[in-house]
Amino acid sequence: MISMKNVSKIYVPDKPPALSEVDCEIAQGEFVFIVGHSGSGKSTFIRLLLRELLPTSGQITVANQDVIHMKNAKIPFLRRNIGCVFQDFKLLPNKTSYENVAYALEVIGKSRHVIATQVPEVLRLVGLEEKTDSYPDELSGGEQQRVSIARAFVNRPPLLLADEPTGNLDPATSLGIMSLLNRINKTGTTVLVATHDREMVDSMRKRVIALENGKIIRDQSRGVYGYGD
Amino acid sequence: MAINPGYFIRETISSFRRNWVMSLVAVSIIYISLLLVGAFFLTSSVLNTIVSSFEAKVSVQVFVKDGAVPADVEALQANIQKIPNVKSIAYVTKDQALARFKERTKNSPQLVEQLRGNPLPASVEVALVDPRQVQTVVNAIVKDPLLAKVVKNPANPTQSDIRYGQNVVDNLFKATGVIRIFAAAFLILLLLVSLVLIGNTIRLAIFARRREIGIMRLVGASNWFIRTPFLLEGVLQSLVGSILAILTLLAAQAVIVPWLQDNLKFLPVTIAGATFAQLAGLLVLSGVLIGLLGSGTAVRRYLKV
């Protein structure tokens, strides 16, 4: 599903790279945590897969497509196969929760009928059935995050990327979100979660890729959060 | 995977409504600029009618001596009619000339009372297709051998027997030419300035939403899917602005033109319906075009995520 070969990303020349010589393979249907302190390169990892960024060097393949040499016009088609939960949510400010989620279906040309049945269902799944007509600035951080999650998987993408999906949520909701991600994974979706939520990682016992200063320092199946701190 | 065109229309209208502050700014800028362009367009069209009416007054009068042979006068008229650029000729008899004089001086009847008999000559009045060519026409008339038989002073007919405002004509045409060029240049300048202004306003409105465009790209929207509602929104703003400007001009014209006609009776102040239709077309078309162009170029810049 995902293959990175010798990938480095340097934002500012002469500064330490955000990612340095990263190699990894993630198979279809896997559930993977990417852990590390802030600044360790987790977000860069996710943004490279979405082709929001280009690496400074190396090869990246997502869903059998060469992400680096992709034509600009092809990028939307790649992204339609990737649901992404953004750390800063990236909701459209002039659209309600419902419309934000519906947008992901509108871009792939789903009919209004399909949208009208799928969107409320997904919003109910993330516990936002009461807030369908609220605008992002009327929602709390946790609620915005759940809209972002709902938008990421409403079109059932084969790959789901999540950057700190439980960062703004209380423990109970976090648990709900994680079990939701688990269920999505059970239906065959590859799930990649960047997090520093120790309890979550330790309780789920999934594959863990640990990053430090842009390097993979540990990659173990059924791993734990690790780090002595 | 056909995209419902209804989606774009709903999307455009709701975006227009929800970004109402920016929409309002854009619409009012478009409205004010096009209003200025339109007002000046109409003013210069009125000016042009007035200028043309002055030019049309340029005609040639050939005075016929008393006792000229009627057959000669008729033959001369036939010859003049054949000169290129002559629109029409009219023969004014002595009696008609006197009647006109009375009409013109009806405020001071004592002038007419002092006349003994009818000292006014009959004349041939020549109207021209292009008043600027008056000198050529006069030269042709002077060359006609029949002229000598008909006028009082055949040796030098242009001194008193042919009248066409020799001195006035040149200056008049210089003045009207300058007025026309100035009006056209100013109109073009005004149009350019307002187009740039409108284009920039629309671009600013889109600049304010550049983050949204990036988000749309990240959730997999294709470029044209993002662009179309923005283009339609630019067109909608321009349409609303230009239609408001046209309505305002229509209302202002209905008040101002009659007032001018009342106060400037000696000038032909009118706006032809065709002129107004032309203006409406110009405003809507240039507005919509710049709306499309402005939003198109602005969106493209932020589609590079």
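Predicted, not measured: the structure shown is a model, and the values here were computed from it.

Here is what the cut-offs are and how they apply
- Residues numbered from 1 in each chain as written.
- Chains lettered and ligands numbered in written order.
- Predicted model: local features only at pLDDT ≥ 70, side-chain atom pairs only at ≥ 80, totals over all residues.
- Heavy atoms only, no water.
- Pairing = 2+ DSSP bridges.
- Helix = DSSP H or I, 4+ residues; strand = E, 2+ residues; numbered from the N terminus.
- Contact = heavy atoms within 4.5 Å.
- Axes fitted to C-alpha atoms, helices over the stretch in contact; angles between N-to-C directions.
- Salt bridge = Lys/Arg side-chain N within 4 Å of Asp/Glu carboxyl O.
- Buried < 20%, exposed > 50% of the residue type's maximum accessible area, 1.4 Å probe, protein only.
- Parallel < 35°, antiparallel > 145°, perpendicular 65-115°, else oblique.
- Left-handed = near helix turned anticlockwise from the far one by under 90°.
- Nonpolar A, V, L, I, M, F, W, Y, C, P; charged D, E, K, R; others polar.
- Domains from an automatic or database assignment.
- Core = buried A, V, L, I, M, F, W, Y, C linked by side-chain atoms within 4.5 Å.
- Buried area = accessible area lost by both parts, 1.4 Å probe.
- Polar contact = N/O pair within 3.5 Å; in protein donor to acceptor, adjacent residues only side chain to side chain.

Trainee: Can you walk me through the sheet that holds strand E1 (residues 2-9) of chain A in this structure?
Mentor: One key point about sheets: their strands pair by backbone hydrogen bonds, in either a parallel or an antiparallel sense. Residue and element names in this part refer to chain A. Spatially, four strands are ordered E2-E1-E4-E5 in an open sheet, and the strand pairing comes out antiparallel. Edge strands, defined here as strands with exactly one partner in the open sheet, are strand E2 (19-26) and strand E5 (65-66). Examined bridge by bridge, E1 and E2 share five bridges and lie antiparallel to one another. Looking at the pairing, Val-7 lines up with Val-22 of E2. Here helix H1 (residues 42-49) sits on the sheet in contact with E1, E2 and strand E4 (57-62), set at roughly 120° to E1.

Trainee: Please explain the pattern of salt bridges as it appears in this structure.
Mentor: Oppositely charged side chains can pair when the atoms bearing their charge come close. Per the counting criterion, the structure on display carries 14 salt bridges over all chains. Salt-bridge contacts for A:Lys95 lead to B:Glu11; the nearest nitrogen and oxygen are separated by 2.5 Å. Taken together, the residues span two chains, with A:Lys95 in the loop between strand E6 (82-85) and helix H3 (97-106) and B:Glu11 in helix H1 (residues 5-18). Among the residues examined, A:Lys95 registers a relative accessible area of 8% and is labelled buried. On the accessibility criterion, B:Glu11 (12% relative accessible area) is buried. Its salt-bridge partner being A:Asp219, residue A:Arg207 comes within 2.9 Å of it at the nearest N-O pair. Separated by 12 residues along the polypeptide, A:Arg207 in strand E9 (residues 207-212) and A:Asp219 in strand E10 (residues 215-220) bring together distant segments of the chain.

Trainee: What is the right way to look at the packing of helix H11 (residues 223-263) of chain B against helix H12 (residues 273-301) of chain B in this model?
Mentor: How two helices pack is summed up by the angle between their axes together with the distance between the axes. Residue and element names in this part refer to chain B. Following both chains from N to C, one finds H11 and H12 inclined at 155°, their axes separated by 8 Å at the closest point. Relative to H12, the element H11 is oriented roughly antiparallel. Crossing of H11 over H12 shows right-handed handedness. Contact with H11, carried on its side by Arg-227, Phe-230, Leu-231, Gly-234, Val-235, Ser-238, Leu-239, Ser-242, Ile-246, Leu-249, Leu-250 and Gln-253, involves Phe-276, Leu-279, Ala-280, Leu-283, Val-284, Gly-287, Val-288, Gly-291, Leu-292, Ser-295, Gly-296 and Val-299 of H12 and no other residues of that element. Residues belonging to the contact of H11 with H12 are distributed by class as follows: 15 nonpolar, eight polar and one charged.

Trainee: I would appreciate a short explanation of the domain arrangement of chain B in the present structure.
Mentor: Partitioning chain B into domains gives domain 1 (5-54 + 169-302) and domain 2 (59-164). Summarising the inter-unit geometry, the C-alpha centres of domain 1 of chain B and domain 2 of chain B are found 51 Å apart.

Trainee: Mind showing me how you'd approach the sheet that holds strand E3 (residues 122-128) of chain B here?
Mentor: Residues and elements named next belong to chain B. Across the sheet, which stays open at both edges, the four strands sit in the order E2-E3-E1-E4 with antiparallel pairing between neighbours. For this open sheet the edge positions go to strand E2 (86-92) and strand E4 (162-163), each flanked by a neighbour on one side alone. With two bridges connecting them, strand E1 (residues 60-64) and E4 associate as antiparallel partners. Bridged to Gln-61 within E4 is Arg-163. On the sheet, helix H3 (residues 70-82) packs against E1, E2 and E3 and is oriented at approximately 165° with respect to E2. Its contacts with the sheet put helix H4 (residues 94-104) on E2 and E3, and the angle it makes with E2 is roughly 90°.

Trainee: Help me understand the nonpolar core, please; the structure alone is not making it clear to me.
Mentor: When a protein is soluble and globular, its nonpolar side chains tend to lie buried together. Counting 81 residues, the largest nonpolar core has A:Phe33, A:Tyr103, A:Leu181, A:Val193, B:Ile206, B:Ile213 and B:Ile226 as its most contacted members. Excluding its chain neighbours within four sequence positions, the residues that come into contact with B:Ile226 are A:Tyr103, B:Ile213, B:Met216, B:Arg217, B:Ala221 and B:Leu303. A:Val7, A:Val67, A:Ile82 and A:Leu192 belong to the second-largest nonpolar core, a separate cluster that totals 32 residues.

Trainee: Help me understand the interface of chain B and chain A, please; the structure alone is not making it clear to me.
Mentor: Quite often, the size of an interface is put as the accessible area lost when its parts meet. Across the boundary between the two partners, chain B contributes 24 residues, which contact 25 residues of chain A. Between chain B and chain A lies a buried interface of about 2300 Å² when both sides are counted; carbon and sulfur atoms form 53% of it. Contact with chain A buries surface across chain B, with B:Arg18, B:Leu218 and B:Val219 losing the most and accounting together for 30% of the total. Summed over the shared surface of chain B and chain A, the number is two salt bridges. Taking the shortest distance from any N to any O, the salt bridge between A:Glu99 and B:Arg18 comes out at 2.6 Å. Taken together, the connections running from chain B to chain A amount to nine residue pairs in polar contact (both at pLDDT 80 or more). Elements represented by at least two residues in the side of chain B that touches chain A include exactly H1, helix H10 (210-218) and H11 of chain B. Of the residues forming the side of chain B that touches chain A, the biggest block, six residues, is contributed by H10(B).

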